[in-house]
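Now for the letters of each chain:
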Amino acid sequence: MAESPTQADWRRWLEDHAPKFLLFARQRTRSEADAQDLVQEAVIEAWQRRNDDQPPPAALVFATLHRRAIDLARRDDRRAGREQAAQQPAPAAWFDTDAEDRELRQLMQDAMNRLPDIYRDVITLRVWGELTFAEIAEALRIPANTAASRYRYGLAELRKLTKEVLA
Amino acid sequence: MNDSDRKLLEVELRRLKPAAPPAEFLARLAAAPPAPQPPAIAQSRPAQRAIGLRILLRWLATATAAVAVALLLAWPSATPPPRPAHLPALAALAPLQADDVEIDHRLVSAFDAVARLPDGVPVRLRCREWVDNVVLRDSAQGVEVEQRTPQLEIIPVRLETY
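Calculation notes
- Residues numbered from 1 in each chain as written.
- Chains lettered and ligands numbered in written order.
- Predicted model: local features only at pLDDT ≥ 70, side-chain atom pairs only at ≥ 80, totals over all residues.
- Helix = DSSP H or I, 4+ residues; strand = E, 2+ residues; numbered from the N terminus.
- Contact = placed C-beta atoms within 7 Å.
- Expected span 1.5 Å × (residues − 1).
- Buried ≥ 20, exposed ≤ 12 C-beta atoms within 10 Å, placed from the backbone.
- Nonpolar A, V, L, I, M, F, W, Y, C, P; charged D, E, K, R; others polar.
- Pairing = 2+ DSSP bridges.
- Axes fitted to C-alpha atoms, helices over the stretch in contact; angles between N-to-C directions.

Engineer: Looking at this model, I keep getting lost on the overall build of chain B. Mind explaining?
Structural biologist: Assigned secondary structure in chain B consists of three helices and three strands. Listed by position from the N terminus, the elements making up chain B come as α-α-α-β-β-β. Contacts in chain B between residues at least 24 apart in sequence constitute 51% of all its contacts with a sequence separation of at least 6.

Written out as structure tokens, the structure is:
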């Protein structure tokens, strides 16, 4: 049976946006399963908050992801004692494992992982989420000026971290 | 970190693409609700019937409310209050011609009270309660109209103190 145009649009929208949502979620969670659940819940919630049938704007999904990640972290903190002991599977790769960029990918993932959350969120939303500073501000509930300054400081910190790794 | 360094780093970062989600996760997302709302023309007949019924019910509810309001507003003029049987219909009456008028001025109660003026001087208040009673009679039509008006009379009287 042929897909209706709406379903095709939905699939196309998912293929375009799911990688960056999942990247953001992976950075905010402790396991791949949590990240995937987070994305699914955020996409559904953002979609349901729309009155029309159009896919939700990426900024709205990121905002929902951010809020839900905070809720998840709070729940995780409460059960941290018993969960820390459990064996966690190796974290999924954040970036595409292209042979040419493999070293850069690993370097950046390590550096991003060591970056404070407040910088990493803004850099991820700006570079891979392709949001404006105004959208980032809305998603993270911070002033736009703060988002811009965190981006600058974050890039400087990231450069420092990558230099340390390379050295 | 200057601007050129920053731009260089941004270019490096943009070279990295977010890892593609696992196929099964994408399939789960695609299948997960919210299922995209199909266009209206693709709706099944029961669904269309349900929507039609809902619209009809909405209109009926609105119309019923409007009729109820209209009835409430029109009720006093449509159904005048019941009149005592012994009174003739007002429309059938000719203008009243009082052939007997009775005016009564009755004292209902009288009492005295003592109060103090702002400067401390005591004053006695002589209070009288009256009722003015006016009765108009039209013996030709057998109509009697009675009006009572209460009145309160207060007369201050100097209270002699020694």
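Having seen it, we continue.
Engineer: Looking at this structure, how should I read helix α6 (residues 117-128) of chain A?
Structural biologist: Along an α-helix, a turn takes 3.6 residues, which lines up residues three or four apart on a common side. Residues and elements named next belong to chain A. Helix length check: α6, at 12 residues, gives a terminal C-alpha distance of 16 Å against a target of 16 Å (1.5 Å per residue), a fit within 8%. For α6, a buried count of nine out of 12 residues is recorded, marking the element as mostly surrounded by other parts of the structure. For α6, the full list of buried residues reads R120, D121, V122, I123, T124, L125, R126, V127 and W128. One or two steps after α6, the chain reaches E130, where phi turns positive at roughly 55°.

Engineer: Where do I start with the interface of chain A and chain B in this structure?
Structural biologist: Buried accessible area, meaning the area lost when the parts come together, often serves as the stated size of an interface. Counting residues at the interface gives 33 residues for chain A and 28 residues for chain B. The greatest single-element share of the side of chain A that touches chain B, amounting to 10 residues, is contributed by helix α1 (residues 5-28) of chain A. Partitioned by chemical class, the residues of the side of chain A that touches chain B number 20 nonpolar, six polar and seven charged.

Engineer: I tried to follow the pairing of strand β3 (residues 143-158) of chain B on my own but got confused; where do I start?
Structural biologist: Look at any regular strand and the pattern is simple: side chains alternate between the two faces of the sheet. Residues and elements named next belong to chain B. Within β3, only zero of the 16 residues are buried, leaving the element largely exposed. Relative to β3, strand β2 (residues 122-138) is paired through 16 bridges, and the arrangement is antiparallel. Within β3, the residue paired with E129 across the bridge is L152. The turn linking β2 back onto β3 is made up of four residues, and G142 within it adopts a positive phi angle of 70°.

Engineer: What is the right way to look at the sheet that holds β3 of chain B in this model?
Structural biologist: Hydrogen bonding along the main chain pairs the strands of a sheet, whether they run parallel or antiparallel. Residue and element names in this part refer to chain B. Read from one edge of the open sheet, three strands run β1-β2-β3, paired in antiparallel fashion. Two strands bound the open sheet, and with one partner strand each, they are β1 (100-116) and β3. Each adjacent strand pair in this sheet contributes to an overall mean axis angle of 15°, direction not counted. Bridging between β1 and β2 involves 16 bridges; their strand directions are antiparallel. Residue D100 lies in a different strand from β2, and its bridge partner there is R137.

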